[in-house]
Amino acid sequence: MFKKILIANRGEIALRIIRTCREMGIKSVAVYSTADRDSLHVRFADEAVCIGPPASKDSYLSIPNIISAAELTNADAIHPGYGFLSENAKFSAICAEYGIKFIGATSEQIEKMGDKASAKETMKQAGVPTVPGSDGLVPDVKTGIKLANEIGYPVILKATAGGGGRGMRIVWNDGEFEPAWDSARQEAGAAFGNDGIYLEKFVEDPRHIEIQVIGDQYGKVCHLSERDCSIQRRHQKLVEEAPSPFITPELREKMGAAAIKGAQAVNYEGAGTIEFLVDKHRNFYFMEMNTRIQVEHPVTEEVINFDLIKEQIKVAAGIPISGKSYEPTGHAIECRINAEDPFNNFRPSPGRITNFHSPGGHGVRVDTHVYAGYTIPPNYDSMIAKLICVAQTREEAINTMERALREFVIEGVKTTIPLHIRLMRDPNFRAGNFTTKFMETFDLTEYPDEEVE
């Protein structure tokens, strides 16, 4: 087992990993930018190393700085968390060159799954259902229009190196194709340095369902049930839950088996997620694979009583998995609490937290790195906490979540707590009637009362 793990991340995920390391008797090293010197992950780690100024490119994305910190502290492994360098094949390869274990996928696996066009082809060859579309990148507009007519509109153009909804355009007819093509390529080139575009049939009224998988170094893979991530805004998830209110036991079995086949096709090592689009007829199609731990991993942990971070570390240390796939027991929901103003177009709200009270009680979990007096820097993602509630049924989990949200006090900055309270009260959400388009028509002025404001 590892003696010391450096966490190449910040905030709540860094603190989450540090806690598991302590439970496993492993020393931890925090890295931080000058903007994060007062963050809890810095205080709770056994050692802490400043790796640069606030800008991510000069700190959390600086591979030389992170490797230097690992060598300085004699860390024998690096956990990248999510975001930043967690799916960076170059970083994984450099860790291997320096004899430091990267707790995650190998560089080859990251490369194979990181390029969406090649990932889709890999899944297709493995027998995993995929959305009809182009075989690889589309070379030009004329070819794209021809293919769109063969598949049938609507279609969606996607950046092969994309993420977060950038480089994506929905096209409904021939006349819209060329402007959408030019716009998608320009955005993809600026965001990712790669303007490659592929094309797929656009799945209308879809659910976003992901299957959590774990693979060890010996070719064994299991799945740990599904999460429903359909409640999202501009392709950014807001609420996640497990199990999905839309998935039947039979469909769970099919999707789990498909996810295992997909992970085995690349000899996957570590925790990963196979993401699917599921249409209203419960047909499912591979969308992408995330070769890292997910923000929403706690909902899976709560319904299968399983520490995913601990399993990541054990797999990286060469310990084989049981190979058992898991079925959910009970129901868990996670709300992402962001420092944003939902009544002002979700404008970021960095600043000093003047008052902070965390909710509690049975079935309530809060993953956060903030506290009263902490200043939220403007340099990073706006998520400041994850509120996870678990109960025996979905209705009970929603009721617990609404109660916990009303107890959650964060003053000094605007947060998305009022949005989540309204979501928990919405009849369609409570009934499980939603798709990835739900937030496009959600009325934030619904259910007004002084408790929510």
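Computed from a predicted model, the values in this text were never measured in an experiment. (Residues numbered from 1 in each chain as written. Predicted model: local features only at pLDDT ≥ 70, side-chain atom pairs only at ≥ 80, totals over all residues. Heavy atoms only, no water.)

What follows concerns the pairing of strand 10 (residues 221–233). Regular strands show a simple pattern: their side chains alternate between the two faces of the sheet. Across the 13 residues that make up strand 10, a large majority, 12, are buried. Here strand 9 (residues 207–215) pairs with strand 10 via 6 bridges, running antiparallel. Among the inter-strand pairings, Ile214 is bridged to a residue of strand 10, identified as Cys222. Remark: 5 residues form the turn of the hairpin made by strand 9 and strand 10, two consecutive strands paired antiparallel; Gly219 in that turn has positive phi of roughly 90°. Examined bridge by bridge, strand 10 and strand 11 (residues 236–242) share 4 bridges and lie antiparallel to one another. Each bridged residue has a counterpart across the sheet, and for Arg233 the counterpart in strand 11 is Gln236. The hairpin formed by strand 10 and strand 11 contains 2 residues between the paired strands, and Arg234 there has a positive phi angle of roughly 50°. (Buried < 20%, exposed > 50% of the residue type's maximum accessible area, 1.4 Å probe, protein only. Helix = DSSP H or I, 4+ residues; strand = E, 2+ residues; numbered from the N terminus. Pairing = 2+ DSSP bridges.)

What the 8 strands build is an open sheet, ordered 13-12-9-10-11-14-21-19; its pairing is antiparallel. Edge positions in the open sheet fall to strand 13 (284–290) and strand 19 (364–368), since each of these has one partner strand only. Recorded for the sheet is a direction-independent mean angle of 25° between the axes of neighbouring strands. (Axes fitted to C-alpha atoms, helices over the stretch in contact; angles between N-to-C directions.)

In this section: the environment of Arg365. By the element assignment, Arg365 lies in strand 19. Judged by relative accessible area, Arg365 falls into the buried class, the value being 18%. It is 19 Å that separates the C-alpha atoms of Arg365 and Lys237, two residues lying 128 residues apart in sequence. Looking at Arg365, its side chain comes within polar contact range of the side chain of Asp367, at 3.0 Å. (Polar contact = N/O pair within 3.5 Å; in protein donor to acceptor, adjacent residues only side chain to side chain.)

According to the domain assignment, the protein consists of domain 1 (4–103), domain 2 (133–201) and domain 3 (207–440). Each of domain 2 and domain 3 was reduced to a C-alpha centroid, and the two centroids are 29 Å apart. Together, the buried faces of domain 2 and domain 3 total about 340 Å²; carbon and sulfur atoms form 48% of this surface. Taken together, domain 2 and domain 3 are joined by 0 salt bridges. Across the domain 2-domain 3 interface, the total number found is 0 residue pairs in polar contact (both at pLDDT 80 or more). Considered class by class, the residues forming the side of domain 2 that touches domain 3 number 2 nonpolar, 2 polar and 1 charged. (Domains from an automatic or database assignment. Buried area = accessible area lost by both parts, 1.4 Å probe. Salt bridge = Lys/Arg side-chain N within 4 Å of Asp/Glu carboxyl O. Nonpolar A, V, L, I, M, F, W, Y, C, P; charged D, E, K, R; others polar.)

The next subject is the packing of helix 1 (residues 11–23) against helix 11 (residues 308–316). Their axes nearest at 9 Å, the elements helix 1 and helix 11 cross at an angle of 65°. The orientation of helix 1 with respect to helix 11, classified from their angle, is roughly perpendicular. As helix 1 packs across helix 11, the resulting crossing turns out to be right-handed. Residues Ile13, Arg16, Ile17, Thr20, Cys21 and Glu23 of helix 1 form the contact with helix 11, whose participating residues are Leu308, Ile309, Lys310 and Ile313. For the contact of helix 1 with helix 11, the class distribution of residues is 6 nonpolar, 1 polar and 3 charged. (Parallel < 35°, antiparallel > 145°, perpendicular 65-115°, else oblique. Left-handed = near helix turned anticlockwise from the far one by under 90°. Contact = heavy atoms within 4.5 Å.)

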